[in-house]
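Chain by chain, the residues run as shown.
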There are 2 protein chains.
Amino acid sequence: MADSPNRTAADPNEEIMRATYRALQEHGYADLTIKRIAEEYGKSTAAIHYHYDTKDDLLAAFLDYILDQFQNTVHEVETTDPEQRLDLLLDKLLVDAQDHLDLLVAILEMRSQAPYKEAFRERFQQNDEYVRYMLSTVIDQGIQNGVFNDVDAEHAARALMTIVDGGRTRAVVFDEEASLATARQTAEEYVTAVLAVEQSGDG
Amino acid sequence: MADSPNRTAADPNEEIMRATYRALQEHGYADLTIKRIAEEYGKSTAAIHYHYDTKDDLLAAFLDYILDQFQNTVHEVETTDPEQRLDLLLDKLLVDAQDHLDLLVAILEMRSQAPYKEAFRERFQQNDEYVRYMLSTVIDQGIQNGVFNDVDAEHAARALMTIVDGGRTRAVVFDEEASLATARQTAEEYVTAVLAVEQSGDG
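Keep in mind it's a predicted model, so treat the numbers as computed, not measured.

In this section: the domain arrangement of chain A. Residue and element names in this part refer to chain A. Annotation of chain A at the domain level lists domain 1 (1-61) and domain 2 (77-203). Computed from C-alpha atoms alone, the centre-to-centre distance between domain 1 and domain 2 is 29 Å. Counting residues at the interface gives 10 residues for domain 1 and 11 residues for domain 2. With both sides pooled, the region where domain 1 packs onto domain 2 buries about 1000 Å², and carbon together with sulfur makes up 67% of that total. Linking domain 1 to domain 2 there are one salt bridge. Taken together, the links from domain 1 to domain 2 amount to six residue pairs in polar contact (both at pLDDT 80 or more).

If you want it as C-alpha cells, here you go:
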C-alpha cells in the first residue's frame, strides 16, 4: 500500500511517509516516536521536525498518504458492470487488506484515538464518505440496470462498510486473518440475499 | 452495565471496579492511571496496589468484570422461540450498547491493544466465543424448528458478530450513535434475507 513504485523516491516527504510506515509496522502506534521514524528515515529528528511540528501532525499526514493511496487503488477498478464492480470494490476493502495486517493494527490504534484527536477523526470520516460514495453509486447503477432491488443505496453502503469495519477490527483483535474472509463472505451474502434481484429458476 | 444494584457495594473489589469504570469514562484508557482510579475510589493508590500489581492487571480484571456483567444480561433473555431469541440477543449487543458509548470508547482502545497485551486478547476472545456460542445455538434451534434455512450456524454467528463489531467500531470512530442503529438494521436484514425461511405469499 505504501510502496507504490510510481512515486519519486527522492521526494523527502515520500521518504518520511515510507519511514513512518516501516516504524509503525515495527513498533505500533503507541510506541511510535519521532526518533524511531528518524532512524528508519536515516536522518536526524530535526530533519523530520523541519516538516512536521509534532508526531500527531506527522501521523495526520501519514493518514492522508495511505488513504490517498487506497483511493488510487479503488480508482483502478475499471469495470462498469455494477455487480462485478461492487465485487471488486469489496475485494479491495477486504481481500487486499490481508497483505497489510500490520498496517491494520496501527490503523485500529489510530481509530481508537479518534474520539480524542480531531485530525484523525476527520481523516477517517473523509475516507469513509469517499468509499461509501463509491459503493452507493454502484448500487444505484445496479438498481437502474434492474440487477439490484430498489433498496436505500445510502443505507446499503453503510451496511457494507459496517461489515468491512467489523472484519478489520476482528482481524486485529483476534489476530485472525480468517476474520477478513468471513467478512468478505458476509458481504457477499448481503449482496446476494438483500441487494441482488432474485433470479427466477423457472426462467 | 457496571451499576447492577444487586451487587454488594461493600465488596472492595466491586468498589474498585466501579471506580475504574468512572475513571475510564472520564479519562479514557490512554490517560488512565492508578492515581485517577484511586481518586474515584476515595482511597490511596496503595489500597489499589494491595489488590492489583499493575494497571494492566487491574484492567484485565475490569474486562472480566464487565464481560461477566454482559454475560449476565444475555442470560436474562428468557424466550425460547429461536427468531424472538435471536432478535433479543442482537438488541442486547447493539441497542443496549447505546447507553454505554463512553465504555465502548474505552473498550475499543483496549481492543486495539490486544495485539500487544495477551491478557486483553484472551478476554476478548473468551467473550467472543461465549456470544458466538449463544448465537449459533439459537440459529441451530431455528434450523431444527424449520424457521431458519439449513445454513452453517458457526459462520452465521461469526457474520452477525462481524456486523456487531463493525457497528461498535464505527460508533466510536465517527462519534455516531446512529452507527449502532445501522448495524442493528443490517443484522436484521441478514437474519431475514439469509437465515429466515422464505414465507410463501401464496400459502
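Now that the structure has been shown, we can carry on.
Tallying each qualifying case throughout the model produces 28 salt bridges over all chains. For A:Lys92, the salt bridge is made with A:Asp96, and the minimal N-O distance between the two is 3.9 Å. Overall, A:Asp96 belongs to the partly exposed group, its relative accessible area being 33%. In this structure, B:Arg132 and B:Asp128 form a salt bridge, with 2.8 Å as the shortest nitrogen-oxygen distance. Of the two residues, B:Arg132 and B:Asp128 are both situated in helix H7 (residues 118-145); the distance of four residues between them amounts to about one turn of the helix. Accessibility classification places B:Arg132 together with B:Asp128 in one group, the buried group.

Once that is clear, we can look at the environment of A:Leu59. All names here are of chain A. Positionally, Leu59 belongs in helix H4 (residues 55-75). On the accessibility criterion, Leu59 (0% relative accessible area) is buried. Not counting residues up to four positions away in its chain, the partners in contact with Leu59 are Thr20, Leu24, Tyr29, Leu32, Met110 and Phe120.

A few words now on H4(A). All names here are of chain A. Spanning 21 residues, H4 covers 30 Å between terminal C-alpha atoms, matching the ideal 30 Å at 1.5 Å per step. Every buried residue of H4 is listed here: Leu58, Leu59, Ala60, Ala61, Phe62, Leu63, Tyr65, Ile66, Leu67, Gln69, Phe70 and Val74. Buried-residue contacts for H4 involve helix H1 (12-27), helix H2 (34-41), helix H3 (45-49), helix H5 (82-95), helix H6 (101-112) and helix H7 (118-145).

Taken together, the contacts link 42 residues of chain A with 42 residues of chain B. Each partner contributes to the roughly 3400 Å² buried at the junction of chain A and chain B, and carbon and sulfur atoms together form 61% of this total. Connecting chain A to chain B are six salt bridges. One salt bridge connects B:Arg170 with A:Asp165, and the closest N-O pair in it is separated by 2.7 Å. The set of elements that each furnish at least two residues to the side of chain A that touches chain B consists of H6, H7, helix H8 (153-173) and helix H9 (178-195) of chain A. Ranked by residue count, the leading element in the side of chain A that touches chain B is H8(A), at 13 residues. Taken together, the residues of the side of chain A that touches chain B sort by class into 18 nonpolar, 13 polar and 11 charged.

Attention shifts here to the environment of B:Leu103. Looking at the element boundaries, B:Leu103 is found in helix H6 (residues 101-112). For the pair formed by B:Leu103 and B:Tyr21, sequence separation is 82 residues and the distance between their alpha carbons is 7.8 Å.

All names here are of chain A. Residues with a pLDDT of 70 or more make up 93% of chain A, whose mean pLDDT is 89. Ranking the helices and strands of chain A by mean pLDDT puts H8 first, with 98, and H4 last, with 88. The low-confidence segment residues 1-8, where pLDDT is below 50, has 18 contacts with residues more than four positions distant or belonging to other chains.

On to the environment of A:Gly28. Of note, A:Gly28 is situated in the loop between H1 and H2. Each C-alpha atom, one on A:Gly28 and one on A:Ala106, is 5.5 Å from the other, the two residues being 78 residues apart in sequence. Apart from residues no more than four positions distant in its own chain, A:Gly28 is found in contact with A:Ala23, A:Glu109 and B:Tyr116.

Let us look at the side chain of B:Thr182. Position of B:Thr182 among the secondary structure elements: in helix H9 (residues 178-195). With near-sequence residues (within four places) excluded, B:Thr182 lies in contact with A:His155, A:Arg158, A:Ala159 and A:Thr162.

Superposition of chain A onto chain B requires a rotation of 180° combined with a translation of 0.0 Å along the rotation axis, giving an RMSD of 0.0 Å. On the angle and the small slide along the axis, the relation comes out as a two-fold axis. No C-alpha of chain A lies nearer the rotation axis than that of A:Gly166, which sits 1.7 Å from it. Interface residue correspondence from chain A to chain B reaches 100%, placing this contact among same-surface, isologous pairings.

Calculation rules
Residues numbered from 1 in each chain as written. Chains lettered and ligands numbered in written order. Predicted model: local features only at pLDDT ≥ 70, side-chain atom pairs only at ≥ 80, totals over all residues. Heavy atoms only, no water. Domains from an automatic or database assignment. Contact = heavy atoms within 4.5 Å. Buried area = accessible area lost by both parts, 1.4 Å probe. Salt bridge = Lys/Arg side-chain N within 4 Å of Asp/Glu carboxyl O. Polar contact = N/O pair within 3.5 Å; in protein donor to acceptor, adjacent residues only side chain to side chain. Buried < 20%, exposed > 50% of the residue type's maximum accessible area, 1.4 Å probe, protein only. Helix = DSSP H or I, 4+ residues; strand = E, 2+ residues; numbered from the N terminus. Expected span 1.5 Å × (residues − 1). Nonpolar A, V, L, I, M, F, W, Y, C, P; charged D, E, K, R; others polar. pLDDT = per-residue confidence, 0-100. Least-squares fit on C-alpha atoms with pLDDT ≥ 70 in both.

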